[in-house]
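# Understanding the architecture of this molecule
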Amino acid sequence: NIISKIVKKFPKIKFTFIGKTNEFFKNQLKNENTEFLGVVDNYESTLRKHSVLFAPYPSHAKYLGSKNKFLEAAACEMPIITTSSGAVDFKQDLLLIGDSSTELIKLVESMKNENTRKNFGKSLRIEIEKYYNANIEIKKIIKLYNELS
C-alpha cells in the first residue's frame, strides 16, 4: 500500500485523514503519526490547520470526487500531492503528481520546505481563481446543457 509506505517513511509528519474510512484502512495505517477525523463539519477550517493535501488515488478510482476536495485545498493555498488518477480534470502543472511510492516520497520531501509550500500554494490559488471560479463553471454547465438540448 503506497499510503502506508509514505506514512512510515515520514514519522515526523502528521498525516490526518478526513472523510469516511473503513476499519481495514485505519488498521493498515495505525501509527503514531496518523489521525482519522472522519466526516468533518467544516472542511475548509480543517484544511487550514494543515500544510499539504496528500490525496493519492488508485488507478481504478478516477472521478471519485477529488475535484471539490482539490478546489477547496487550492482555495486554502495548499499544495496538492496526488496520482495521475486523482489529477483528472486539472491542469497537470498545478498539482504534484506521482504514481509510485518513490515518486510520491520525492514529492512529500519537496514540500518539507515552508517557502516552497507557500509559493506553490499561492500559485495554485491564482490558477484556480482564473480557471475554476464559479462564473467559468456556470459557463461550462450552460455549454453542456446547450450541447445536449
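No experiment lies behind these values; they were computed from the predicted model shown.

## Some thoughts on the overall build of the protein chain
Counting secondary structure elements, the protein chain contains 7 helices and 5 strands. Going from N to C terminus, the protein chain has its helices and strands arranged as α-β-α-β-α-β-α-β-β-α-α-α. For 149 residues, the compact-globule estimate of 2.2 N^0.38 gives 15 Å, and the C-alpha radius of gyration of the protein chain, at 16 Å, lies within 12% of that figure. Out of the 149 residues in the protein chain, the part that is buried amounts to 36%. Expressed as a percentage of contacts within the protein chain between residues at least 6 apart in sequence, the contacts between residues at least 24 apart total 56%. About 9500 Å² of surface is accessible on the protein chain, with carbon and sulfur atoms providing 52% of the total. When the 24 basic and 17 acidic side-chain charges of the protein chain are each reduced to a single mean position, those positions are 3 Å apart.

## Considerations on the pattern of salt bridges
Here the structure, examined in full by the defined rule, presents 8 salt bridges. Note that Glu127 is salt-bridged to Lys130, the shortest N-O span being 3.6 Å. Of this pair, Glu127 and Lys130 both sit in helix 6 (residues 114-131), 3 residues apart, roughly one helical turn. Since its relative accessible area comes to 17%, Glu127 is described here as buried. One salt bridge in this structure joins Glu137 and Lys140, with 3.1 Å as the shortest N-O distance. A residue pair is termed a helical-turn pair when its members lie 3 or 4 positions apart in one helix, as Glu137 and Lys140 do in helix 7 (residues 134-148) at 3 residues.

## A word on the nonpolar core
In globular proteins that are soluble, nonpolar side chains generally tend to be buried together. In terms of nonpolar packing, the biggest core is built from 18 residues, with Leu53, Phe70, Ile80, Phe90, Leu95 and Ile128 touching the most fellow members. With 4 residues, the top contributor of residues to this core is helix 4 (residues 66-75). Leaving out residues up to four positions away in the same chain, Phe70 has contacts with Leu53, Ala55, Tyr57, Ile80, Thr82, Gly86, Phe90 and Leu95.

## Describing the packing of helix 1 (residues 2-9) against helix 5 (residues 101-110)
The axes of two packed helices give the description: the angle between them and the distance between them. Axis separation between helix 1 and helix 5 bottoms out at 10 Å; the angle between their running directions is 40°. The angle between helix 1 and helix 5 falls in the class oblique. Pair helix 1 / helix 5 crosses with right-handed handedness. Seen from helix 1, the contacting residues are Ile2, Lys5, Ile6 and Lys9; seen from helix 5, they are Ser101, Leu104, Ile105 and Val108. Each residue belonging to the contact of helix 1 with helix 5 can be placed in one class, and the counts come to 5 nonpolar, 1 polar and 2 charged.

## Side note on the pairing of strand 2 (residues 34-38)
As defined by bridge partners, strand 1 (residues 15-18) adjoins strand 2 across 4 bridges and the pair is classed as parallel. Among the inter-strand pairings, Phe15 is bridged to a residue of strand 2, identified as Thr34. At this point the chain moves from strand 1, through helix 2 (residues 23-28), to the parallel strand 2, and the crossover so formed is right-handed.

## With respect to the environment of Met111
Locating Met111 in the fold gives a position in the loop between helix 5 and helix 6. The spacing of Met111 and Cys76 is 35 residues in sequence and 16 Å in space, taken between C-alpha atoms. Sequence-distant contacts of Met111, defined by excluding residues within four places in its chain, comprise Val52, Pro79, Ile81, Leu96, Thr116 and Arg117.

Each value, and the rule that gives it
Residues numbered from 1 in each chain as written. Predicted model: local features only at pLDDT ≥ 70, side-chain atom pairs only at ≥ 80, totals over all residues. Heavy atoms only, no water. Helix = DSSP H or I, 4+ residues; strand = E, 2+ residues; numbered from the N terminus. Rg over C-alpha atoms; globule rule 2.2 N^0.38 Å. Buried < 20%, exposed > 50% of the residue type's maximum accessible area, 1.4 Å probe, protein only. Contact = heavy atoms within 4.5 Å. Areas by Shrake-Rupley, 256 points an atom, 1.4 Å probe, with all protein chains shown as cover. Lys, Arg positive; Asp, Glu negative; His and termini not counted. Charge placed at Lys NZ, Arg CZ, Asp CG, Glu CD. Salt bridge = Lys/Arg side-chain N within 4 Å of Asp/Glu carboxyl O. Core = buried A, V, L, I, M, F, W, Y, C linked by side-chain atoms within 4.5 Å. Axes fitted to C-alpha atoms, helices over the stretch in contact; angles between N-to-C directions. Parallel < 35°, antiparallel > 145°, perpendicular 65-115°, else oblique. Left-handed = near helix turned anticlockwise from the far one by under 90°. Nonpolar A, V, L, I, M, F, W, Y, C, P; charged D, E, K, R; others polar. Pairing = 2+ DSSP bridges. Right-handed = clockwise from strand over helix to strand, strands pointing away.

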